[in-house]
Structures are given as structure tokens and as C-alpha cells.
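So the chains spell out like this:
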Amino acid sequence: MNALSLVPDASGTGTDDTPQAPQARPARISAKARHAAMAAQACRAIESSPAPLSLGALAAQAGLSPYHFHRVFKAETGLTPKAYAAAFRARRLREALDAACGSVTDALYEAGFNSSSRYYETAGRVLGMRARDYRAGGAGAVIRFAVGQCSLGAILVAQSRLGLCAILLGDDPDQLVRDLQDQFPRAELIGGDAGFERLVAQVVGFVEAPAIGLDLPLDVRGTAFQQRVWQALRDIPPGATASYAEIATRIGAPKAARAVARACGANPLAVAIPCHRVVRRDGDVSGYRWGVARKRELLRREESLGIAPE
């Protein structure tokens, strides 16, 4: 995994005609560029270190206090240093487990876990299941699910022991189940009971009326970049939209609009991670994993409810 591309594009010009001191704008650009370069350097250090680096060590390398470094790093990357390191190790572990050769223990050490005990202390947060189960396509993992109907068509809701792991929309209920099976090919998929049906009803109610919110734990699995994008999407309030380019800028990667679009397309939690609120730069409604018509309807519904950003 390469270090993040964080240095902003400073080629643009403002529209404010108010005279500025000759050094004011260059000074701001320089400070922003320094922060971006510092965050990128810290990312490289995190990725290349054989052992987890402490906040104090990273701050010392940057020449800042731990508090200041933490604030700057999160502003530039969208994640805390600890969260970035955890996401990076999780991605490395997934890649190592997906490889055809090597033992699970080898994969753990390659991903940066100094011992198997350190991994197992955080196993649920890293993979949502045991490493052997992940390599086996989710074998041994129990995922409850149910398919229902909402105004947008068929809806599938799935839950692991950590939280909601899938909210899928479509026209064909059977296809939604096949999609879930593809995501967890060897997990134990169990149809939800009456209690689970109540959870599905809660999710459907949220889809129909976003204003009520969705106060349920989510089992969100993705790369460090995807997690930054998905968190930025969750920060968009109902009734508001943002362009792919704006999201890229917000996460400190202004040239990564295409990668943002791919992260939106990989989102497994419809509406809960509101990728429907991301549009093109000109405001046009572009592609959506569950169909452009559904995206337009979700946006229309939020607008009609009178929900506006604060």
C-alpha cells in the first residue's frame, strides 16, 4: 500500500478581489503543504514499521507535540494515527490471507502483528471473524439475514456478531441473497427469526424516513482509503450532497475523485453509508450501485422531508 497522496493542488486561484499581503496566500499554501507532506511521511512510517508506532514516536518524527500531531494527521487523512495503522494492518492481513501460500501465522506476522496473541486481542475488529475462517471464505462465521420489501424494491439486511454488515437493494430478492453469498461464500447464513425481522423493520423505516436516523452498530470492513471515504459520506447530512471531487478534497486526496467513486461503488451498506449523496461536480446524479433511479428517489425523499444541513 502506497502512502497517501495528500499534497493539495494549489494551482487554483480564488475569486476574492480583496487585496492581500504579498506573503499571506503563499504562507497559507506553504503551511497546508507542510501538513500534507507531514501526514504522508507519517503514513509511510506507519506502513513500513515492523511494529506499531506510538503517537509520541510519530509526533517526535514530525517535530510536533502529540496533541498537535494528532489533530493535523486526522485533519489531513480523515483518520486518527491509530485508526490508520489498524486499517492498514487489516488490509495487509486480508491480502496475506487471500494469497494461496503461507500459513495463517505467517500472514499475521506479515501484516504487522508481533504475535498471534496481539491479533486475537483485536480479531473481531480486524476481520470480523477468525483469520482461518476469513481465509476459508467466512467459514465458521454466522451471519443472520432477511429479505423484505420497501418502497425502493427488495431489501436484504444482514448482521454479523459485530453489527450490520450488509444492506442491499434491488429488484430480485434471490439475486440479493446470491450477492450476500458471494460476499461470504463459506459463512453460515441463517435466515432471521422474528426478533431479526424487527431489526429489518427498523432499517426499512430508516430508508423510508432518513430523519429518524439509524442507531445500530455497523460492521464496516474496507481498506484505509475506503474507510476514509465512507466516514466522509456519513458526515454529509440528509438533504445535502457533495461531489466526488469534494469528498476527495475532504479526505486529503484532491486528485482521487475516481478512487472515491470506486469506494462508493464498493459500499455494502446502502443508505447507512449514504453514497447516494455523492453527485458529479455539475450536480448531475451519476451511477449508483443499486440503480440511478433509486438514488434519485432517495435524494428527492430527503429533500421533500425538508431536511437541510445545519
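These numbers come from a predicted model, not from an experiment.

All right, on to the sheet that holds strand β2 (residues 153-159) then. Overall, mixed pairing links the four strands, which are arranged β3-β2-β1-β4 in an open sheet. Whereas interior strands pair on both sides, the edge strands pair on one side only; in this sheet they are β3 (164-170) and β4 (188-191). Strand-to-strand twist across the sheet, computed as the mean angle between neighbouring axes with direction ignored, equals 25 degrees. With four bridges connecting them, strand β1 (residues 142-150) and β4 associate as parallel partners. Bridging from a neighbouring strand, I143 pairs with L189 of β4. Its contacts with the sheet put helix α9 (residues 173-183) on β1, β2, β3 and β4, and the angle it makes with β3 is roughly 145 degrees. In this fold helix α10 (residues 194-208) packs onto β1, β2 and β3, with an angle of close to 125 degrees to the strand it touches most, β2.

In this section: the packing of helix α11 (residues 224-234) against helix α13 (residues 257-265). In the contact formed by α11 and α13, the axes pass within 9 Å of each other and the chain directions differ by 80 degrees. In terms of orientation, α11 lies roughly perpendicular with respect to α13. For the pair α11 and α13, contact is made by F225, Q226, V229, W230 and L233 and by A259, V260, A263 and C264, respectively. A class-by-class count of the residues in the contact of α11 with α13 yields eight nonpolar, one polar and no charged.

If you look at the biggest cluster of nonpolar residues, it comprises 58 residues, and the most contacted ones within it are I155, L164, V229, L233, I247 and V260. Listing elements by their share of this core, those giving two or more residues are β1, β2, β3, α9, α10, α11, α12 (244-250) and α13. Aside from chain neighbours lying at most four places away, what touches L164 is V157, A158, Q159, L199, V203, L214, L216, P217, L218, D219 and L269. Residues A39, A45, I46 and L58 belong to the second largest nonpolar core, which totals 16 residues.

It is worth spelling out the confidence of the model for the chain at this point. Within the chain, residue pLDDT values average 76, and 71% of them lie at 70 or more. Taken as a whole, residues 1-22 scores under 50 in pLDDT and shows 38 contacts with residues more than four places along the chain or in a different chain. Segment residues 100-139 is flagged for pLDDT under 50; beyond a separation of four residues in sequence, or across chains, it makes 81 contacts in the model.

Let us now look at the pattern of salt bridges. Oppositely charged side chains can pair when the atoms bearing their charge come close. All chains considered together, the criterion is met by seven salt bridges. As a salt-bridge pair, D284 and R280 come within 3.4 Å of each other at their nearest N and O atoms. One salt-bridge network, in which partners are shared between bridges, spans E208, E297, R300 and R301.

What counts and what doesn't
Residues numbered from 1 in each chain as written. Predicted model: local features only at pLDDT ≥ 70, side-chain atom pairs only at ≥ 80, totals over all residues. Heavy atoms only, no water. Pairing = 2+ DSSP bridges. Helix = DSSP H or I, 4+ residues; strand = E, 2+ residues; numbered from the N terminus. Axes fitted to C-alpha atoms, helices over the stretch in contact; angles between N-to-C directions. Contact = heavy atoms within 4.5 Å. Parallel < 35°, antiparallel > 145°, perpendicular 65-115°, else oblique. Nonpolar A, V, L, I, M, F, W, Y, C, P; charged D, E, K, R; others polar. Core = buried A, V, L, I, M, F, W, Y, C linked by side-chain atoms within 4.5 Å. Buried < 20%, exposed > 50% of the residue type's maximum accessible area, 1.4 Å probe, protein only. pLDDT = per-residue confidence, 0-100. Salt bridge = Lys/Arg side-chain N within 4 Å of Asp/Glu carboxyl O.

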